Amino acid sequence: MALRIIGWNVNGLRACVKKGFMEFLEASDADVLCLQEVRALPTQLEAHVRAPDGWHASFSAAERKGYSGVAVFSRQPPHRVETTLGIEEYDREGRFLIAHFGRMAIASVYFPKGSGTERDNSRVPYKLGFYARVFARIEQLRRRGPVFVLGDYNTAHEEIDLARPKTNNKTSGFLPEERAELSRWLDSGWVDTFRKRHAREPGHYTWWRQWGGARENNVGWRIDYVLASPSANRLVTDAFIWPDVTGSDHCPVGVDVAREL
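A few points on the structure. The structure displayed is predicted, hence computed values, not measured ones.

Rules behind the numbers
- Each chain has its residues counted from 1, running along the sequence as written.
- Reporting in this predicted model follows two pLDDT cut-offs: at least 70 for local features of residues, and 80 or more for side-chain atom pairs to be given and counted; totals over whole chains, interfaces and linings ignore these cut-offs and use all residues.
- Just so you know, side-chain values use all the structure's heavy atoms and leave hydrogens and water out.
- Residue types Ala, Val, Leu, Ile, Met, Phe, Trp, Tyr and Cys, when buried and joined through side-chain atoms within 4.5 Å, form a set referred to as a nonpolar core.
- Type-normalised accessible area, obtained with a 1.4 Å probe on protein chains alone, sets the label of each residue: buried when under 20%, exposed when over 50%, and partly exposed for intermediate values.
- If DSSP finds at least two bridges between two strands, the strands pair.
- Helix numbers and strand numbers start at the N terminus; a helix is a DSSP run of H or I with at least 4 residues, a strand a run of E with at least 2.
- Axis angles are defined between N-to-C directions and span 0 to 180 degrees, where every axis is a line fitted to C-alpha atoms and, for a helix, only to the segment in contact.
- For Phe, Tyr and Trp, where Trp contributes only its six-membered ring, two rings pair if their centres lie within 6.5 Å, and the inter-plane angle classes them as stacked under 30 degrees, edge-to-face over 60, or tilted in between.
- Working rule: Lys NZ or Arg CZ, within 6 Å of ring centre, within 35 degrees of ring normal, means a charge sits over the ring.

**Describing the nonpolar core**
Consideration 1: With 29 residues, the main nonpolar core has I5, V32, I106, F148, L150, V255 and V257 as its most contacted residues.
Consideration 2: Counting residues in hydrophobic clusters, the runner-up holds 23 residues, among them I98, Y126, Y131 and V147.

Shown next as structure tokens:
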């Protein structure tokens, strides 16, 4: 039996539920579903969403209501869950959750935008600091067993990963220093599972602006990834993006793995 692991920035779980999330949950054949931008406390979710039949749900919510938040839904209960990086300025935003299944670790991470409220890229240092802290933690974990890091990384790595690279080279999400941080991860052995299997195929995106016909015209960015440690990547039999799944301005991404939990 293969294991299917999916990540999805739902852009508000309560809103996504109204657009078919529960139906997707059952139809996806997922064994583990990692969510980003949940934007709700568990207590704000209806019972059938907070604890669906046949699923175990773990949440890390932001202190600020209606903001950020990640979750992991799994068919099997994790042996352990961690939700903190040990730095208050990161932990209070509810961006990090790792579910441990024996030696395998599966992380749901919502990396910050660097643009800031004034669109002046003022939050890039915070974003890069968060990247570094997550990297330090997952580097520790990969010594123990396979690690998958699913999330909205809020960074397109190369020009092939967005429709209009030339007009976005000063935009957070495609700044040189942000791209360099992703390169550092890959140079350290982490594998972009989709690009490993679809090397130079253009037109694969995971996020589209919600106006101007961006999604209909496929004017998007690939900013949602499944990164795998070397031992985890060896287990991957397929990596995919599902652009036809709606309900959010992002679409799901995932991997099939030749291993059970």
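**A few points about the sheet that holds strand β4 (residues 70-74)**
Consideration 1: Across the sheet, which stays open at both edges, the 6 strands sit in the order β3-β4-β2-β1-β14-β13 with mixed pairing between neighbours. Looking at which strands have only one partner, the edges of the open sheet turn out to be β3 (56-60) and β13 (236-241). Sheet twist, expressed as the average angle between the axes of neighbouring strands with direction ignored, equals 15°.

**Focus on the packing of aromatic side chains**
Here the distance between the centres and the angle between the planes together describe a pair of aromatic rings.
Consideration 1: Applying the stated rule across the entire model yields 18 aromatic pairs.
Consideration 2: Relative to W221, the ring of W207 lies with its centre 6.3 Å away and its plane at 70°, an arrangement referred to as edge-to-face. Separated by 14 residues along the polypeptide, W207 in strand β10 (residues 207-208) and W221 in strand β11 (residues 220-221) bring together distant segments of the chain. The burial state of W207 is the same as that of W221; both residues are buried.
Consideration 3: Linked through ring pairs, Y90, F111, Y126, F130, Y131, F135, Y153, W185 and Y225 together constitute an aromatic cluster.
Consideration 4: A cation sits over an aromatic face here: R123 above Y126, 3.9 Å from the ring centre.
Consideration 5: Above the plane of the ring of F135 lies R184, whose end atom (NZ or CZ) is 4.2 Å from the centre.

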